[in-house]
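What the coordinates show
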Amino acid sequence: MKQLFSLTALAAVVLMVAGFAAQPAQDPPASPAPAATVSADVSPYALDKLHSQVMFKVRHLGISNVTGEFDDFDATMSLDPDDLSTFQASATVNVASIDTGNDRRDGHLRSDDFFNAEGFPQMTFASTGVTDVDGNMFKVNGDLTIRETTQPVTFDVELLGTATGPDGTQRAAFTAETTINRLDYGLQWNELTEAGGVIVSPEVTIILEIQGIQQ
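Residues numbered from 1 in each chain as written. Predicted model: local features only at pLDDT ≥ 70, side-chain atom pairs only at ≥ 80, totals over all residues. Heavy atoms only, no water.

**Focus: the packing of aromatic side chains**
Selection criterion: Pairing of aromatic rings covers Phe, Tyr and Trp, the last counted by its six-membered ring, and requires centre-to-centre distances within 6.5 Å; plane angles under 30 degrees mean stacked, over 60 mean edge-to-face, and any other angle means tilted. Think of it this way: any DSSP run of H or I at least four residues long counts as a helix, any run of E at least two long counts as a strand, and we number them from the N terminus. A 1.4 Å probe rolled over the protein chains alone gives each residue an accessible area, and that area as a share of the maximum for its type sets the label: buried under 20%, exposed over 50%, partly exposed in between.
Under the criterion given, the structure shown has seven aromatic pairs. Ring geometry for Phe138 and Phe174: centres 6.5 Å apart, planes at 80°, overall edge-to-face. Here Phe138, found in strand β8 (residues 137-146), pairs with Phe174, found in strand β10 (residues 170-181); they are 36 residues apart in sequence, far enough to count as distant. Of the two residues examined, Phe138 and Phe174, each falls in the buried class. An aromatic cluster is present here, built from Phe56, Phe70 and Phe115 joined pairwise through their rings.

**Concerning the pairing of strand β1 (residues 43-47)**
In plain terms, the rule: Strand pairing is defined by DSSP finding a minimum of two bridges between the two strands.
The two faces of β1 differ: Ser43, Tyr45 and Leu47 on one face are buried, but Pro44 and Ala46 on the other face are not. Here four bridges tie β1 to strand β4 (residues 73-80), and the two strands are oriented antiparallel to one another. Pairing of Tyr45 across the sheet is with Met77, part of β4. Of the strand pairs in this sheet, β1 and strand β11 (residues 200-214) are connected by three bridges, and their pairing is antiparallel. Counterpart to Leu47 in the pairing with β11 is Gly212.

**Side note on the environment of His51**
Definition in use: Contacts are assigned to residue pairs with any non-hydrogen atoms lying within 4.5 Å of each other. Counted as a polar contact is a pair of N or O atoms within 3.5 Å, where, for protein atoms, one must be capable of donating a hydrogen and the other of accepting one, and residues adjacent in sequence contribute only when both atoms are in side chains.
Relative to the assigned elements, His51 resides in the loop between β1 and β2 (53-60). Once the C-alpha coordinates of His51 and Gly212 are considered, the two residues, 161 residues apart in sequence, prove to be 8.8 Å apart. For His51, the contacting residues outside a window of four places in its chain are Glu209, Ile210 and Gln211. Looking at His51, its side chain comes within polar contact range of the side chain of Asp48, at 2.8 Å.

**So, the pattern of salt bridges**
The test is simple: Here, a salt bridge means any side-chain nitrogen of Lys or Arg that lies within 4 Å of a carboxyl oxygen of Asp or Glu.
Counting across every chain of the model gives four salt bridges. Across the pair Arg147 and Asp112 runs a salt bridge, and its minimum N-O distance is 3.0 Å. Linking Arg147 in the loop between β8 and β9 (149-164) with Asp112 in the loop between α2 (103-110) and β7 (122-134), this pair joins segments that are 35 residues apart in sequence. Here Arg171 ties to Asp167 by a salt bridge, and the two come within 3.5 Å at their closest N and O atoms. The class for Arg171 is buried, based on a relative accessible area of 13%.

**Comments concerning the layout of surface pockets**
The cut-off we apply is this: A 1.4 Å probe that fits but cannot get out identifies a cavity on a 1 Å grid over protein atoms alone, an open set with protein on both sides within 12 Å along at least five of seven lines counts as a pocket, and a residue lines either if it has an atom within 4 Å of a point. Grid points are joined across faces, edges and corners, and a volume is the space filled by probe spheres set on the points.
Approximately 940 Å³ is the volume found for the largest pocket. Tallying contributions element by element places β2 first for the lining of the largest pocket, with six residues.

**Observations concerning unusual backbone geometry**
At Asp132, a position not held by glycine, the phi torsion is positive, near 55°. Note that Asp132 resides in strand β7. Of note, Glu148 is a non-glycine position whose phi angle comes to about 60°, a positive value. Relative to the helices and strands, Glu148 resides in the loop between β8 and β9. Assessed through its relative accessible area of 67%, Glu148 is described here as exposed.

Next up, the structure:
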């Protein structure tokens, strides 16, 4: 009887092993994807309006540049100065604050021939990414909106440096430049000169001098 029990138990073990061997091999559980690394030193920066400017220049009669600026604007930024790929920014400009040093010209620029400051009081910018970081130089891609028309633009940016201000706050300063075609944004006015050229060039260069205060 004992021998019969032993043979039965042995047969059960053999069947169990055979059944296990017949099971299809299962792939090991996939390792979780590594989390994206984010610099721990990214900080928000508020605009220091006393040490910042939003300027532009445009060719007049094809022979000279007329310059101007906007006096009312704001921006926020975030970055790690040691990793410029972390840079992000958004900005708002009140177009009625345009100043070219000539009241008549400024009034024309505020009219529907150009900005239509009454109907579209603000132009905005929001960054979408950073490319081509090379030392303190980098490119900031983003969306520029004027007269409710949004177009992609790329600013060539230089981090001029960081410093501690007299009040003990940390500062970062940048200069940035891009060129846009104003016709793409509905700033359509122009007239021809006697020689057949245009009075105001379609191309406008935007120049930014920005200082931010670490928050």
